[in-house]
Amino acid sequence: MTQQMPLLGSEAIRKGLLTARELGTKYRAVYRNVYLDNEIALTPLLRARAAWLFAGPDAVLSGMSAAAVHGTKWLDVNALAEVVRANRHAPESLRVHSYTLAPEDICAYDGMRVTTVVRTAFDLGRLLPYSQAVPILDALMNKTGLDLEQVRSLGEANRGIRGIDRLWTALAHADGGARSPLETQTRLKLRCTGVPGLETDIPFHDEWGLVETRAAMGWPRWKVAVECDEERDLPRYRTWVHSHTAELESRDWAVVWVTQSMMSGQTNIVPRVMKKLRAAHSLSNGGAVRGDARGD
């Protein structure tokens, strides 16, 4: 039977769950004495659990590992696990912090000690480079509904801590409306337009006031939406792209689609978006367009 979770090798042998031969042939070591079944792919969450087993019950999962435990999506599967503990000695595959955590910074999850969502966001924002911090904060907010004001309050209470200026910058640009890394990249790129009023996760309602669909981001005042094509190779996804575009256009919204190749290549999406905004502004001045996300 496949063991889905990391386990302590010595304990598994002692309890008779595995023989030494089975452990050596059917499992691989993630950390010293911590093993995972060869058939199970190592995910950020499984790496976090393995790190906690290795570090011991007094350790606290933090940073990327805590984010994984709290359900954050799109984390780098190869990122180092992180823990907070007094003993800084650890293998290169584990990042150990020794900063002090208050009791209210720690919560329990499935028997493990983990930094709270607020403390996790606080540490990610102050310790990661801006380009890495914002997408992860977006994903953490999207999953947990985290209120950044709580993170700011924690920052105000710890103004002398390392990386506080970096935290303020990351918090200023984080947005839980992002549903993918591409949406985060697109939103940050569109800051270059200088046009105020950019919103994310914009709802469109039907005649009974129920949310019928959503736009990734855009300017409700000008009825310009920017959508992210994740380029999933599924027939139903391509059908959704076309039907979603038709739905927004039926509400008199202009739609600009962005792909990952556009973000990483030479294509600059800003001029395309600005062209739509100028056209919408021109029509609005003529009274033809009213800024209303419901499209009523």
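See the structure shown above.
Residues numbered from 1 in each chain as written. Predicted model: local features only at pLDDT ≥ 70, side-chain atom pairs only at ≥ 80, totals over all residues. Heavy atoms only, no water.

1. A few points about the overall build of the protein chain
Right, so step 1: Within the protein chain, the regular secondary structure consists of 12 helices and 12 strands.
Right, so step 2: Each of the three principal axes of the protein chain carries a C-alpha extent, and together these read 80 × 50 × 45 Å.
Right, so step 3: Sequence separation of 24 or more characterises 56% of the internal contacts of the protein chain that already satisfy a separation of 6 or more.
Right, so step 4: Looking at the protein chain, you have 37 positive and 34 negative side-chain charges, and the mean spots of the two groups are 5 Å apart. (Helix = DSSP H or I, 4+ residues; strand = E, 2+ residues; numbered from the N terminus. Contact = heavy atoms within 4.5 Å. Lys, Arg positive; Asp, Glu negative; His and termini not counted. Charge placed at Lys NZ, Arg CZ, Asp CG, Glu CD.)

2. A closer look at the pairing of strand 11 (residues 224-229)
Right, so step 1: In terms of burial, strand 11 is a largely internal element, six of the six residues being buried.
Right, so step 2: Residues V224, V226 and C228 of strand 11 are buried on one face, and the alternating residues A225, E227 and D229, pointing to the opposite face, are buried as well.
Right, so step 3: Bridging between strand 10 (residues 211-219) and strand 11 involves three bridges; their strand directions are antiparallel. Among the inter-strand pairings, W219 is bridged to a residue of strand 11, identified as V224.
Right, so step 4: Two successive antiparallel strands, strand 10 and strand 11, enclose a turn made up of four residues, where K223 displays a positive phi of approximately 55°.
Right, so step 5: The pairing of strand 11 with strand 12 (residues 254-259) spans six bridges and is parallel. Its bridge partner being in strand 12, A225 is matched across the sheet by V255.
Right, so step 6: Regarding topology, helix 10 (residues 235-250) serves as the crossover connection from strand 11 to the parallel strand 12, and that connection is right-handed. (Buried < 20%, exposed > 50% of the residue type's maximum accessible area, 1.4 Å probe, protein only. Pairing = 2+ DSSP bridges. Right-handed = clockwise from strand over helix to strand, strands pointing away.)

3. Here we look at the environment of A66
Right, so step 1: The residue A66 is located in helix 4 (residues 63-69) in this model.
Right, so step 2: Overall, the relative accessible area of 0% leaves A66 in the buried class.
Right, so step 3: Along the sequence, A66 and L45 sit 21 residues apart, while their C-alpha atoms lie 8.6 Å from each other.
Right, so step 4: If we ignore the near neighbours within four places in the chain, the residues touching A66 are L61, V114, T115 and T120.

4. Focus: the sheet that holds strand 9 (residues 199-205)
Right, so step 1: Here four strands make up an open sheet; going across it, the order is 9-10-11-12 and the pairing mixed. Taken across any chain shown, the strands that pair with only one partner, and hence form the sheet edges, are strand 9 and strand 12. On average, each strand axis in the sheet is inclined to that of its neighbour by 45°, with strand direction left out of account. (Axes fitted to C-alpha atoms, helices over the stretch in contact; angles between N-to-C directions.)

5. Observations regarding the pattern of salt bridges
Right, so step 1: One pass over the structure, following the stated rule, counts 14 salt bridges.
Right, so step 2: Where D105 meets R119, a salt bridge forms, and the shortest distance between an N and an O atom there is 3.3 Å. In this pair, D105 sits in the loop between strand 6 (94-97) and strand 7 (106-109) while R119 sits in helix 5 (residues 117-127), placing the two residues 14 residues apart along the sequence. (Salt bridge = Lys/Arg side-chain N within 4 Å of Asp/Glu carboxyl O.)

6. Things to note about the nonpolar core
It is characteristic of soluble globular proteins that their nonpolar side chains tend to be buried jointly.
Right, so step 1: In terms of nonpolar packing, the biggest core is built from 26 residues, with M64, L124, L137, L146, L148 and V151 touching the most fellow members.
Right, so step 2: Listed by contribution, the elements that provide at least two residues to this core are helix 4, helix 5, helix 6 (130-144), helix 7 (148-156) and helix 8 (164-173).
Right, so step 3: Tallying contributions element by element places helix 6 first for this core, with six residues.
Right, so step 4: The residues touching L124, leaving out its near neighbours within four places in the chain, are G63, M64, A67, A133, I136, L137 and L140.
Right, so step 5: In terms of nonpolar packing, the next biggest core, distinct from the first, is built from 22 residues, V30, L36, A51 and A59 among them. (Core = buried A, V, L, I, M, F, W, Y, C linked by side-chain atoms within 4.5 Å.)

7. Points about helix 10
Right, so step 1: With 16 residues, helix 10 extends 23 Å between its outermost C-alpha atoms, agreeing within 8% with the 22 Å of an ideal straight helix rising 1.5 Å per residue.
Right, so step 2: Taken together, the buried positions of helix 10 are Y237, V241, H244, T245 and L248. For helix 10, the arc enclosing every buried residue in end-on projection is 100°, short of the 170-degree limit, so these residues lie on one face. Among the exposed residues of helix 10, those pointing more than 90 degrees away from its buried face are P235, R236, T239, H242 and S250.
Right, so step 3: Contacts from the buried residues of helix 10 go to strand 9, strand 10, strand 11 and strand 12. (Expected span 1.5 Å × (residues − 1). Arc of directions from axis to C-beta.)

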